[in-house]
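Observations on the model geometry
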Amino acid sequence: MTAFVALDDVSHVYGGAGGTLAVDGLSIHVNRGEFAAVVGPSGCGKSTLMKLATGLQFPFKGTVQVAGSVVRQPVKIAGMAFQAPTLLPWRTTLENLLLPLEIVEPHRGRIRRHRAEYVARAEALLASVGLAGQGGKFPWQLSGGMQQRTSLCRALIHEPDLLMLDEPFGALDAFTREELWCVIRDLHAARNITIVLVTHDLREAVFLADRIFVMSARPGRIVAEREVDIPRPRDLEVTFTPQFSAIVHELRAHIVKARP
Amino acid sequence: MKTSLAIRLAPWIATVALFVFWEAVCRIFKIPPFFLPPPSLVAKSFVEFWPAIYRNSLFTLSTTLIGFGMAVGFGLALGLAVGWSRAIYAGIYPLMIGFNAIPKVAVVPILVLWFGIGFIPAVLTAFLISFFPIVVNVATGLATIEPELEDVLKALGASKLDIMRKVGIPRALPYFFGSLKIAITLAFVGSVISESVASNTGIGNLMLQAQAQFQVPLIFAGLIALAVEGIAMYALMAMLEARMTGWAQRSGFAQT
């Protein structure tokens, strides 16, 4: 059985042949329903990985497969969230959530006539991340943490099979970040969704992921793969156990070696 | 409450103060009226020549607004085109910058050659001088879409047109409405230039004739008529901007 997301011996160059090599000989396999984390030093091509796996860029060499077929166009089954919430300031929170539905089929053709149904869905999703009743507010009336929750909701509203997260909690304060860890943990538990989280926070990776890939400095490739065998459901208390610390420690050693 | 009243009165106080200062300078230094007429004399000439000022102001206002309207349509279309495609951008931008560098007063004789004097050259000069900021602003609004947001939508299979409609155009609107304030004042400059060079009507022509007859207060009356029209149109554009893109101003807006 092939993995849900499979990158095999992928190299990618920016700026045409002879340009900067962003990733080189990168291989990553993530199973369906798995929560994978990719960690590495800054500038190691983690964002390139995001673009390759969602079909925004195509590899210079090697193959990228998602859901069993080779990626030749944007995959359309992915939701994405980034460090910046990138919400549209002229739309309310609720209308921001509806944006992907105005783009992706089959919702695109239905949303006009079945708006109430979609609004209900968006409101339920907002409630599930603790934003019940906030849909009428504009993004700039929300706190940073609330905006990031909204951004996560926007990535999930069309019920994607794959969720790609690029340091989504990077700009938040420590407490809000841990709160959102729990939000994303619960979303993953509630839906059969495959998540790839790119982060440089090792504790975040160990707390959330089933499988962690450590990337080298640019050009990025995988220098270590580690399964996290801490049983689910995980509580925040888990982060204070010796087992947790040992894994973080181990990863850290890999990163130190991986830095240029 | 007290500060908001002060802020509301401030422009009136400043304007009155300017005129009082002007009047005082003229009287104290005994400046001859044919050199710099005091506001009282300008006001007198305003009343005296009111029918002519009124008629010519309307003419100038109409040529300005028609030229401005054309600039809005053309500028919006060209701005969208330039923002849409890098190739169009690369091709057109140098041309536009070169065109914008040409003093419009140098173009008026050509327009006169083609269309005769009067209405049409004034409209076209207003148009030519005011479309540039609209193009640049609309294109800037489109060019500054966050790349991450573009990725989010592209990964869903959004076409370029989708991204333009859902993100690009709404995003460019504050830039567009902001540019209207600049464009409308430039349009006045354009039509008055053309009127002073090649027209028998309009405030520009009125001032030229007043100058020939050495009616200096009337020249100043013409200037003030222009200033009033300019302020009124600017205020209209600012109001439009606030109404259409309140979300970009974010001053305790919409708590629904």
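Residues numbered from 1 in each chain as written. Chains lettered and ligands numbered in written order. Predicted model: local features only at pLDDT ≥ 70, side-chain atom pairs only at ≥ 80, totals over all residues. Heavy atoms only, no water.

Turning to the overall build of chain A, a few remarks are in order. Secondary structure assignment for chain A yields eight helices and ten strands. Taking 18 Å as the expected radius of gyration for a compact globule of 260 residues, we find that chain A reaches 18 Å, a close match to that expectation. In terms of overall dimensions, chain A has C-alpha extents of about 50 × 45 × 35 Å along its principal axes. Here chain A, with 260 residues, has 55% of them falling under the buried criterion. When the accessible surface of chain A is split by element, carbon and sulfur atoms take 52% of a total near 11,000 Å². Taken as two groups, the 29 positive and 26 negative side-chain charges of chain A have centres that lie 5 Å from each other. (Helix = DSSP H or I, 4+ residues; strand = E, 2+ residues; numbered from the N terminus. Rg over C-alpha atoms; globule rule 2.2 N^0.38 Å. Buried < 20%, exposed > 50% of the residue type's maximum accessible area, 1.4 Å probe, protein only. Areas by Shrake-Rupley, 256 points an atom, 1.4 Å probe, with all protein chains shown as cover. Lys, Arg positive; Asp, Glu negative; His and termini not counted. Charge placed at Lys NZ, Arg CZ, Asp CG, Glu CD.)

As a further point, take the domain arrangement of chain A. It is common to give the size of an interface as the accessible area lost on bringing the parts into contact. All names here are of chain A. The assigned domain composition of chain A is domain 1 (32-57 + 72-77 + 161-260) and domain 2 (87-159). Relative placement of domain 1 and domain 2: their C-alpha centres are 25 Å apart. With 15 residues of domain 1 at the interface, the matching set in domain 2 holds 13 residues. Surface buried jointly by domain 1 and domain 2 totals about 1,100 Å² across both partners, of which 71% is contributed by carbon and sulfur atoms. Of all residues in domain 1, Leu 180, Leu 187 and Arg 191 bury the most surface against domain 2, accounting for 35% of the area lost on that side. (Domains from an automatic or database assignment. Contact = heavy atoms within 4.5 Å. Buried area = accessible area lost by both parts, 1.4 Å probe.)

Attention now goes to the nonpolar core. With 50 residues, the main nonpolar core has Leu163(A), Leu165(A), Phe169(A), Ile184(A), Val206(A), Leu208(A) and Ile212(A) as its most contacted residues. Excluding residues within four positions of it along the chain, Leu163(A) makes contact with Gly79(A), Ala155(A), Leu156(A), Ile184(A), Ile193(A), Thr194(A), Ile195(A) and Val196(A). Formed by 49 residues, the second largest nonpolar core is a distinct cluster that contains Val72(B), Phe127(B), Phe132(B) and Ala210(B). (Core = buried A, V, L, I, M, F, W, Y, C linked by side-chain atoms within 4.5 Å.)

The subject of this paragraph is the pattern of salt bridges. Tallied over the full model, the rule gives 20 salt bridges over all chains. Glu102(A) serves as the salt-bridge partner of Lys166(B), at 2.9 Å between the closest nitrogen and oxygen. Of the two residues, Lys166(B) is situated in helix 8 (residues 160-197) and Glu102(A) in the loop between helix 2 (93-98) and helix 3 (107-110); the pairing between them involves two chains. Look at Lys166(B) and you get buried, because its relative accessible area is 14%. Salt-bridge contacts for Arg177(A) lead to Asp201(A); the nearest nitrogen and oxygen are separated by 3.5 Å. One end of the pair, Arg177(A), is in helix 6 (residues 174-190); the other, Asp201(A), is in the loop between strand 8 (194-199) and helix 7 (202-208), with 24 residues separating them in the sequence. Its relative accessible area of 21% is what places Arg177(A) among the partly exposed residues. Three or more residues are tied together by salt bridges with common partners; here these are Glu34(A), Arg211(A), Glu225(A) and Glu227(A). (Salt bridge = Lys/Arg side-chain N within 4 Å of Asp/Glu carboxyl O.)

The next point concerns the pairing of strand 4 (residues 61-66) of chain A. Residue and element names in this part refer to chain A. As judged from the five bridges shared by strand 1 (residues 5-14) and strand 4, these two strands associate in the antiparallel manner. Opposite Leu 7, over in strand 4, you have Val 64 as the bridge partner. Where strand 4 folds back on strand 5 (residues 69-70), the antiparallel hairpin that results is connected by two residues, among which Ala 67 adopts a positive phi of roughly 55 degrees. (Pairing = 2+ DSSP bridges.)

On to the packing of helix 3 (residues 50-84) of chain B against helix 4 (residues 86-101) of chain B. All names here are of chain B. Relative to each other, helix 3 and helix 4 sit at 130 degrees, their axes nearing to 6 Å. Between helix 3 and helix 4, the interaxial angle falls into the category oblique. Along the contact surface, helix 3 presents Leu 78, Ala 81, Val 82 and Trp 84, while helix 4 presents Arg 86, Ile 88, Tyr 89, Ile 92, Tyr 93 and Met 96. A class-by-class count of the residues in the contact of helix 3 with helix 4 yields nine nonpolar, no polar and one charged. (Axes fitted to C-alpha atoms, helices over the stretch in contact; angles between N-to-C directions. Parallel < 35°, antiparallel > 145°, perpendicular 65-115°, else oblique. Nonpolar A, V, L, I, M, F, W, Y, C, P; charged D, E, K, R; others polar.)

All names here are of chain A. Of note, Asn 96 is situated in helix 2. Relative accessible area serves as the criterion here: at 0%, Asn 96 is assigned to the buried category. For Asn 96, the residues in contact, after removing those within four places along its chain, are Leu 87, Leu 88, Arg 91, Pro 139 and Arg 154.

Right, let's get into unusual backbone geometry. Residues and elements named next belong to chain A. With omega at 0 degrees, the peptide bond leading from Glu 105 into Pro 106 counts as cis. The omega torsion across Arg 232 and Pro 233 is -5 degrees, close enough to zero to call that bond cis. Among the secondary structure elements, Pro 233 is positioned in the loop between strand 10 (222-227) and helix 8 (242-258).

Residues and elements named next belong to chain A. Spatially, the four strands line up as an open sheet ordered 2-1-4-5, and their pairing is antiparallel. Each having just a single partner strand, strand 2 (20-30) and strand 5 make up the two edges of the open sheet. Taken strand by strand, helix 1 (residues 46-54) contacts strand 1, strand 2 and strand 4, and its axis lies near 120 degrees from that of strand 1.

Let's shift gears to helix 9 (residues 203-212) of chain B. All names here are of chain B. Every buried residue of helix 9 is accounted for by Ile 203, Gly 204, Asn 205, Leu 206, Met 207 and Ala 210. The inward-facing, buried residues of helix 9 contact helix 3, helix 8 and helix 10 (216-244). One or two steps after helix 9, the chain reaches Phe 214, where phi turns positive at roughly 60 degrees.

In this section: the sheet that holds strand 7 (residues 162-166) of chain A. All names here are of chain A. In space, the six strands of this open sheet follow the order 6-7-8-3-9-10, with mixed pairing throughout. This sheet does not close on itself; its edge strands, each paired only once, are strand 6 (78-81) and strand 10. Strand after strand, the sheet turns through a mean of 15 degrees between neighbouring axes, direction not considered. Relative to strand 8, strand 7 runs parallel, the two sharing five bridges. Opposite Asp 166, over in strand 8, you have Val 198 as the bridge partner.

Time to look at the interface of chain B and chain A. Contacts between the two partners involve 22 residues from chain B and, on the opposite side, 27 residues from chain A. Between chain B and chain A the total buried area reaches about 2,300 Å² when both faces are included, carbon and sulfur atoms providing 70% of it. Between the two partners, chain B and chain A, sit three salt bridges. Inspection of the region where chain B meets chain A yields four residue pairs in polar contact (both at pLDDT 80 or more). Element by element, the count of residues in the side of chain B that touches chain A is highest for helix 7 (residues 147-155) of chain B, at seven residues. By residue class, the composition of the side of chain B that touches chain A is eleven nonpolar, three polar and eight charged. (Polar contact = N/O pair within 3.5 Å; in protein donor to acceptor, adjacent residues only side chain to side chain.)

Mapped onto the fold, Asn205(B) is located in helix 9. Discounting residues that sit within four places of it in the chain, Asn205(B) has contacts with Glu195(B), Ser196(B), Ser199(B) and Asn200(B).

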